[in-house]
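Close look at the chain arrangement
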Amino acid sequence: MKAGQVAVITGAGSGIGRALAQLLDSRGCELVLADVNASGLDETQAALKRKATIQTLDVSKREQVEALAASVEQQHGHVDLVVNNAGVTVHDTVEHVSYEDFEWVMNINFWGVVYGTKAFLPAMVKRKSGVIANVSSIFGIVGWPLQSAYNASKFAVRGFTEVLWRELKGTGVRAVTIHPGGIKTNIVRSMRFRRGSTDGANHDSTTRLFDKMARTTPAQCAEIIVGGLERGDKRILVGADAVMLDRLQRTSPTGYPSVIEYFEKRVEARHAKKKKST
Ligand SMILES: NC(=O)c1ccc[n+]([C@@H]2O[C@H](COP(=O)([O-])OP(=O)(O)OC[C@H]3O[C@@H](n4cnc5c(N)ncnc54)[C@H](O)[C@@H]3O)[C@@H](O)[C@H]2O)c1
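In what follows, the accompanying structure is described. (Residues numbered from 1 in each chain as written. Predicted model: local features only at pLDDT ≥ 70, side-chain atom pairs only at ≥ 80, totals over all residues. Heavy atoms only, no water.)

To continue, consider the overall build of the protein chain. A count of helices and strands for the protein chain gives nine helices and nine strands. Over its C-alpha atoms the protein chain spans a radius of gyration of 19 Å, differing by no more than 12% from the 19 Å that the globule rule assigns to 278 residues. Taking the principal axes of the C-alpha coordinates as reference, the protein chain spans close to 60 × 40 × 35 Å. Taking all 278 residues of the protein chain together, the buried fraction comes to 47%. A total accessible area of about 14,200 Å² is found for the protein chain, and carbon and sulfur atoms account for 54% of it. (Helix = DSSP H or I, 4+ residues; strand = E, 2+ residues; numbered from the N terminus. Rg over C-alpha atoms; globule rule 2.2 N^0.38 Å. Buried < 20%, exposed > 50% of the residue type's maximum accessible area, 1.4 Å probe, protein only. Areas by Shrake-Rupley, 256 points an atom, 1.4 Å probe, with all protein chains shown as cover.)

Taken together, 29 residues sit near the ligand, with Ser-14, Asp-35, Asn-85, Tyr-150 and Thr-185 positioned nearest. At a separation of 2.5 Å, an oxygen atom of the ligand approaches a polar side-chain atom of Tyr-150. For the ligand, an oxygen atom lies 3.5 Å from a polar atom in the backbone of Ile-187. Burial of the ligand by the protein chains amounts to 94% of its free accessible area of 820 Å². For the shell around the ligand, the secondary-structure elements that each account for two or more residues are α1 (15-26) and α5 (148-167). Class assignment of the residues belonging to the shell around the ligand gives a composition of 13 nonpolar, 13 polar and three charged. (Near = heavy atom within 4 Å. Polar contact = N/O pair within 3.5 Å; in protein donor to acceptor, adjacent residues only side chain to side chain. Nonpolar A, V, L, I, M, F, W, Y, C, P; charged D, E, K, R; others polar.)

A separate point is the packing of aromatic side chains. Summed over all chains, the structure comprises six aromatic pairs. Where Phe-110 meets Trp-111, the ring centres are 5.3 Å apart and the plane angle is 65°; that geometry is what we call edge-to-face. Relative accessible area serves as the criterion here: at 37%, Trp-111 is assigned to the partly exposed category. Pairing Trp-111 with Tyr-115 gives two aromatic rings, centres 5.8 Å apart and planes at 35°, and the pair type is tilted. Of this pair, Trp-111 and Tyr-115 are both found in helix α4 (residues 99-127), four residues apart, which corresponds to roughly one turn of the helix. Residue Tyr-115 is classed as buried on the basis of its relative accessible area, which comes to 18%. (Phe/Tyr/Trp six-rings, centres within 6.5 Å; stacked < 30°, edge-to-face > 60°.)

Further remarks concern the state of the cysteines. Taken as a whole and assessed by the stated rule, the structure comprises zero disulfides. In this structure Cys-29 is not part of a disulfide, and its nearest cysteine sulfur, from Cys-221, lies 17 Å away. (Disulfide = S-S within 2.5 Å.)

Together, Arg-208, Lys-212, Arg-266, Arg-270, Lys-274 and Lys-275 make up a region of like positive charge exposed at the surface. Those elements that provide at least two residues to the positive patch are α6 (203-213) and α9 (256-277). The element best represented in the positive patch is α9, accounting for four residues. On the secondary structure map, Lys-212 appears in helix α6. Accessibility expressed as a relative area gives 51% for Lys-212, which makes it exposed. (Patch = residues over 30% accessible without salt bridge, like charges linked within 9 Å, V, L, I, M, F, W, Y side chains within 5 Å. Salt bridge = Lys/Arg side-chain N within 4 Å of Asp/Glu carboxyl O. Lys, Arg positive; Asp, Glu negative; His and termini not counted. Charge placed at Lys NZ, Arg CZ, Asp CG, Glu CD.)

These figures come from the coordinates and say nothing about function on their own.
In structure tokens:
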């Protein structure tokens, strides 16, 4: 990404969105940062050298995303990059997850991406230039217990975005899927925690486990994403865990859940042993 290029980032008030804003700001990009959390956006702005255009909005509200696209076009003239990044999750079983929680996740993670793509795409196609980067997850590649709504939303983002690979051929516009593995952000803290696993896990213990398991920092994640965008990658895997799980899924499309379970049990046993000895 070059100085003067215009980048729109949703979910820019925390985590990956904030780290991307910091990296693109250091490259001299003009930034448009959107999030539902106004104070998170203020904190991101405070971490930047240049003044960004800040917009508090809910990506699950189509009219708000469309209004953002119109105002960006007016203020900045064009957009070079849109990163549809805002996301949330709920921790519950398929049997028990409420429709309300399922819809909350789908509305933000999937519909937010659809609105963010469709709102910005026509002007990019007209200008024959631009990149739409949609944040899925490694959970858009492998299924995970207690993450059915999140998995469904992230598989949907992947399918929706991969369709654009061919549809946009020859238009000058590119669509990119981003699949981070575990990144040290606030995502588990904002998670709706409804049900523990059989070992009695709760929100605090799940958060502690996530913090231990998530090895990649938001800054490293942002470097990998921007590197992939600059190379022209269609799919960007972030972190050794994402690369490994993607390989495992391709090697054993139906056997991978048992392999993951086996390694998870070994990690849990190691943690339990460590806890006992301290
Ligand atoms: N952290 C990880 O391990 C991980 C792994 C794979 C994918 N991801 C994806 O990366 C993206 C960024 O997540 P993160 O890890 O930085 O989490 P985060 O919680 O730190 O940041 C998410 C941001 O999205 C914003 N947001 C939530 N709902 C919104 C809405 N309705 N409208 C606008 N903004 C909203 C939040 O306010 C927050 O600032 C998400 O799509 C997430 O699913 C994260």
